[in-house]
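# Close look at the chain arrangement
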Amino acid sequence: MEIGAGNEAEIEFLKEIKPVAKGAEAELWLGELLGTQVVIKKRVKKSYRDPALDAKLRATRTLEEGRLLAKAYLEGVSVPAPLFIDPQGFLLVEEMVSGSLLRDVVNGLPPIMRLVGEEVAKMHLAGLVHGDLTTSNVIITGEAKAFIIDFGLGSFSPELEDRGVDLLLMRKSLEANLPSASGGLFSRFFEGYRGVMGPGADEVLERSAEIERRGRYYAERAID
Amino acid sequence: MRYWLGIESTAHTFGVAVIGEDGKILSDERDVYVPPSGGLQPREVARHHTDVAPGVIKAALMKAGISASKVRALGVSYGPGLGPCLRVGVAISRALSAYYGWGLFPVNHTVGHVEISRLLSGFSDPLAVYVSGGNTNIVAWKDGRYRVFGETLDIAVGNLLDSFAREVGLQHPGGPKIEKLAREGSSMGLIDLPYSVKGQDVSFSGLLTAAVKAFKSGEKLERVAYSLQETAFAMIAEAAERALVHTGKDSVISAGGVAANKRLNEMLSYVAEDHGVPFFATPIRMAGDNGAMIAAVAMEMDMGGVRPSDPESVLATPKLRINDTDVNWRVVGLKVDAGVQAPRRGPEEGRG
C-alpha cells in the first residue's frame with residue numbers, strides 16, 4: 001500500500017464493504033482498515049438544514065462521539081476501540097465487535113445481565129452517559145463479554161439525572177423484550193451495577209424511578 | 001345528517017364550529033381577543049370571551065344553516081389553557097348541554113389540533129409535530145393515546161419567536177414578520193447560534209438570549225432572523241426525524257400556529273421525503289385555535305362509541321397534557337373537508 005498517493009491511497013487505507021444500517025443521523029458501513037474488519041459510521045448530510053449549520057453539527061458530533069468512545073476505551077469499559085476519526089469527513093471508524101445483540105440473547109442468558117450492569121457502572125464512573133441504553137445497543141460476544149455500542153446520543157456527564165435515564169431506558173427495554181421476566185433481569189443488571197458503583201447506585205436507581213413517575217416519553221422511546 | 005358543535009376558548013380565540021357526519025365543516029366562527037398592548041391578561045381575555053360567546057354561537061349555527069335541535073352533541077375544549085378562559089367555554093357548554101339536552105364531550109385541546117390535521121391530511125396514523133405559542137411537541141399514537149416522543153425542555157418555539165420579536169421591536173404577532181425578514185436574510189449567511197437537541201428533546205432559551213444579543217451588538221435584523229429561524233427549525237426537524245425513525249410511522253403532519261411557517265414545513269417535508277413518507281402541512285386557518293377541531297373530535301368520540309360525559313363532571317383543566325387523555329376512538333377513513341373557508345394548500349406551499 002502506498003500512503004500519500006492521493007485518493008487512491010485513501011481508498012486503500014479505508015475500504016467500505018457494504019452498508020449495514022441507516023439511523024436518523026448516520027449510516028453504518030462494514031469496512032476494512034489496514035486489513036481488519038471495522039465499522040464505519042458516516043454522519044449523512046441533511047438537506048433540510050442550512051449547509052453551514054449542517055457541516056458544523058456533523059463535524060462536532062463526529063468528534064464528540066470519538067472522544068466518548070476513546071475515553072470509555074481508555075478507562076477500561078468494553079466498547080469498540082475507536083480507530084480513526086475524521087471530523088471534516090464526518091467519519092468515525094471503530095473496531096468491529098462480533099457477537100449478538102443483547103436483545104436477541106438475553107432471554108436464554110439471564111446471568112449476562114450482571115456483566116452488563118458492571119460495564120454500565122464502569123461507563124458512568126468514567127464520567128460518561130450513553131443516552132440510548134437499550135438492549136439493542138449492547139453486544140454479547142462469543143466469549144460472553146458485554147460491549148456497549150453507539151454513543152451517538154451520549155455525553156460527558158456526572159449528573160444523577162442522566163445516569164438515571166440510562167437505567168430507566170435499560171429497564172424499559174428489558175420490559176419490552178420479555179415483560180414477565182424483566183424484573184429478574186433488571187435485578188441482575190442492578191446487582192452488577194451496584195457491585196461496581198457502590199452504595200451510590202441506590203441514588204441512581206431512585207432517580208430513575210422518579211424520572212419514570214414524571215411520565216415523560218422515556219417510557220416510550222426505549223421500545224425498539 | 002347528524003351534526004356536532006365544538007367550542008374552543010383555551011387562550012385568545014373564542015371559536016365555535018359545526019361539523020356534519022360526512023366530515024364537512026359547515027361553519028367555523030371565531031372572535032380573537034387582541035390585547036391593547038403587551039401579552040395576554042387571562043382575566044381580560046375571559047371577559048372578552050363571555051361578551052362575544054352568545055353572538056359567536058348563534059353565528060355558527062346560522063352559517064351552518066341548522067337549528068339548535070339538529071345538534072346531536074357538543075364538544076368543549078377543557079384544557080390545557082388559561083384557567084379563566086377555559087372556564088368560560090366549559091361553563092357555557094355545560095349550560096347548553098343541560099338546556100338543549102345535547103351530549104357533552106370534553107376534548108383535550110392538544111388532541112384537537114393533532115386530530116383536525118390528521119383528518120384533513122387523510123393519513124391514518126401520522127407522526128405529528130405540534131408547534132404553537134405554548135407548545136412544541138412531537139407526538140404519535142401508541143397504545144390508545146397520543147404520546148410525547150420529543151418536546152421542548154424550556155420555552156415553546158412560538159414563544160421563542162414572539163419573545164425575540166418583542167425584544168427587537170416587532171409588532172405582535174412576530175412569527176410572520178420574522179419569517180419575512182428571514183427570507184430577506186437568507187443570503188447573508190448563518191450566524192453561529194446555540195443549537196440544542198438533547199436526545200429527542202429541544203431547548204430554546206439559550207438560542208433566544210444569543211439571538212437578541214447578536215442583534216443588539218449590531219448584526220442586521222434580517223440575518224439574525226434567518227439564523228434564529230434556521231437554527232430553531234432545524235432542531236425541531238432533527239427531533240422529528242429521530243421520532244419518525246423510532247416510531248416507524250408512515251406519514252408526518254405539522255399542526256399548531258407555527259405550522260403556518262413555510263420554512264418549517266419545507267424542512268419537515270424534506271425529513272419525510274428522506275424517509276420515503278408523505279407530509280401534510282395544516283392549512284393556516286386550521287392550524288391556529290378553532291372550534292372545528294373540537295367539533296371534529298366530539299364527532300369522532302361519538303362515532304367511536306364514547307359515552308357523553310355528565311356535564312357536572314366536565315371541569316376546566318389548565319395543565320392537561322396530551323397523554324392524559326384516552327384516544328381509543330379514532331375514526332380511520334373519514335376525511336374532514338374544511339370547505340371554502342380553509343382551502344387546502346397547493347403542493348408548492350404545503351408539499352402535501
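Another aspect to go through is the overall build of chain A. Across its full length, chain A carries eight helices and 10 strands. In chain A, of all internal contacts separated by at least 6 residues, the share reaching a separation of at least 24 is 65%.

Right, let's talk about the overall build of chain B for a bit. On a plain count of helices and strands, chain B comes out with 11 helices and 12 strands. Relative to the 2.2 N^0.38 estimate, which gives 20 Å for 352 residues, the radius of gyration of chain B is 20 Å and therefore close to what a compact globule would have. Pairs at least 24 residues apart make up 78% of the contacts formed inside chain B by residues separated by at least 6 positions.

Moving on, we come to the confidence of the model for chain A. Do not read the fine detail of predicted coordinates wherever pLDDT is low. Residue and element names in this part refer to chain A. Confidence along chain A averages 88 in pLDDT terms, with 90% of residues attaining 70 or more. Low pLDDT, under 50, characterises residues 1–9; the stretch is placed with five contacts to residues that sit more than four places away or in other chains. In this model, residues 217–224 is a region of pLDDT below 50 whose contacts with residues beyond four sequence positions or in other chains number 28 contacts.

Once that is clear, we can look at the domain arrangement of chain A. Residue and element names in this part refer to chain A. Considered domain by domain, chain A is made up of domain 1 (7–95) and domain 2 (100–221). Of note, the centres of domain 1 and domain 2, computed from C-alpha atoms alone, are 24 Å apart. The interface of domain 1 with domain 2 comprises 13 residues on the first partner and 13 residues on the second. The class makeup of the residues in the side of domain 1 that touches domain 2 is seven nonpolar, two polar and four charged.

What follows concerns the packing of helix α7 (residues 221–247) of chain B against helix α8 (residues 262–274) of chain B. Residues and elements named next belong to chain B. Relative to each other, α7 and α8 sit at 30°, their axes nearing to 9 Å. With respect to α8, the axis of α7 lies roughly parallel. Where α7 crosses over α8, the handedness of that crossing is right-handed. Judged by residue contacts, Q229, F233, A234, I236, A237, A240, E241 and L244 of α7 engage R263, L264, M267, L268 and V271 from α8.

Two modes of strand pairing occur in sheets, parallel and antiparallel, and in both the strands are linked by backbone hydrogen bonds. All names here are of chain A. Within the open sheet, the three strands sit side by side as β6-β8-β9. Their pairing is antiparallel. The open sheet terminates on both sides in strands that have one partner only, identified here as β6 (100–101) and β9 (146–148). Against the sheet, helix α4 (residues 112–125) contacts β8 (138–140) and β9, and its axis sits at roughly 40° relative to β9.

Turning our eyes to something else, we now look at the pairing of strand β6 (residues 127–131) of chain B. Residues and elements named next belong to chain B. Of all five residues making up β6, five are buried, and the element is well covered by its neighbours. Along β6, one buried face is formed by L127, V129 and V131 and the opposite face, lined by A128 and Y130, is buried too. Bridge count for β6 against strand β11 (residues 252–255) is four bridges, and the pairing is parallel. Opposite V129, over in β11, you have S254 as the bridge partner. The pairing of β6 with strand β7 (residues 136–142) spans four bridges and is antiparallel. For V131, the partnering residue across the bridge sits in β7 and is T136. Count of turn residues in the β6/β7 antiparallel hairpin: four residues.

Every contact between the two is made by 15 residues of chain A and, on the other side, 20 residues of chain B. Elements with a minimum of two residues in the side of chain A that touches chain B: α2 (51–74) and α8 (218–221) of chain A. The element best represented in the side of chain A that touches chain B is α2 of chain A, accounting for three residues.

The next point concerns the sheet that holds strand β2 (residues 26–33) of chain A. All names here are of chain A. Across the sheet, five strands lie side by side as β1-β2-β3-β5-β4; this open sheet has antiparallel pairing. Lying at the two open borders of the sheet, with one neighbouring strand each, are β1 (14–22) and β4 (82–86). Strand-to-strand twist in this sheet, taken as the mean axis angle between neighbours without regard to direction, amounts to 25°. As paired elements, β2 and strand β3 (residues 36–43) share eight bridges and run antiparallel to each other. Bridge assignment links L33 to a residue of β3, and that residue is T36.

Residues and elements named next belong to chain B. Taking 1.5 Å per residue, 13 residues should reach 18 Å; helix α10 (residues 291–303) reaches 18 Å between its end C-alpha atoms and fits that length. Turning to α10, its buried residues number three or more, namely G291, A292, M293, I294, A295, A296, V297, A298, M299, E300, M301 and D302. Backbone geometry just after α10 places G305 at a positive phi near 90°.

Time to look at the domain arrangement of chain B. All names here are of chain B. In terms of domains, chain B is made up of domain 1 (3–116 + 288–350) and domain 2 (124–277). The centre of domain 1, based on its C-alpha atoms, is set 26 Å off from the matching centre of domain 2. If you look at the interface, domain 1 gives 14 residues, while domain 2 gives 17 residues. Of all the secondary-structure elements, those providing two or more residues to the side of domain 1 that touches domain 2 are α3 (109–121) and α11 (347–350). No other element matches the four residues that α3 contributes to the side of domain 1 that touches domain 2.

Below, the discussion takes up the packing of helix α5 (residues 160–177) of chain A against helix α6 (residues 182–197) of chain A. Residues and elements named next belong to chain A. Two elements in contact, α5 and α6, have axes separated by 9 Å at closest approach and are oriented at 150°. Between α5 and α6 lies a crossing whose hand is right-handed. On α6, the residues touching M170, R171, L174, E175 and N177 of α5 are S182, L185, F186 and F189. Considered class by class, the residues forming the contact of α5 with α6 number five nonpolar, two polar and two charged.

A few words now on the confidence of the model for chain B. Residues and elements named next belong to chain B. Mean pLDDT over chain B works out to 92, with 96% of the residues at or above the 70 mark. Predicted confidence is poor over residues 340–352, with pLDDT under 50, and the contacts of this stretch with residues over four places away or in other chains come to 23 contacts. This complex was scored by the predictor with a pTM of 0.85 and an ipTM of 0.83.

Quick look at unusual backbone geometry now. A cis amide bond, omega -5°, links G79 of chain B with the succeeding residue P80 of chain B. One can find P80 of chain B in the loop between β4 (71–79) and α2 (83–100). Of note, F90 of chain A is a non-glycine position whose phi angle comes to about 60°, a positive value. Position of F90 of chain A among the secondary structure elements: in the loop between β4 and β5 (91–95).

Once that is clear, we can look at the nonpolar core. Residue and element names in this part refer to chain B. Within the largest apolar cluster, 114 residues are counted, with the highest numbers of intra-cluster contacts made by L74, I236, A240, A295 and A298. No other element matches α7, which puts 14 residues into this core. Each of two domains, domain 1 (3–116 + 288–350) and domain 2 (124–277), supplies a minimum of three residues to this core.

Rules behind the numbers
Residues numbered from 1 in each chain as written. Chains lettered and ligands numbered in written order. Predicted model: local features only at pLDDT ≥ 70, side-chain atom pairs only at ≥ 80, totals over all residues. Helix = DSSP H or I, 4+ residues; strand = E, 2+ residues; numbered from the N terminus. Contact = placed C-beta atoms within 7 Å. Rg over C-alpha atoms; globule rule 2.2 N^0.38 Å. pLDDT = per-residue confidence, 0-100. Domains from an automatic or database assignment. Nonpolar A, V, L, I, M, F, W, Y, C, P; charged D, E, K, R; others polar. Axes fitted to C-alpha atoms, helices over the stretch in contact; angles between N-to-C directions. Parallel < 35°, antiparallel > 145°, perpendicular 65-115°, else oblique. Left-handed = near helix turned anticlockwise from the far one by under 90°. Pairing = 2+ DSSP bridges. Buried ≥ 20, exposed ≤ 12 C-beta atoms within 10 Å, placed from the backbone. Expected span 1.5 Å × (residues − 1). Core = buried A, V, L, I, M, F, W, Y, C linked by C-beta atoms within 7 Å.

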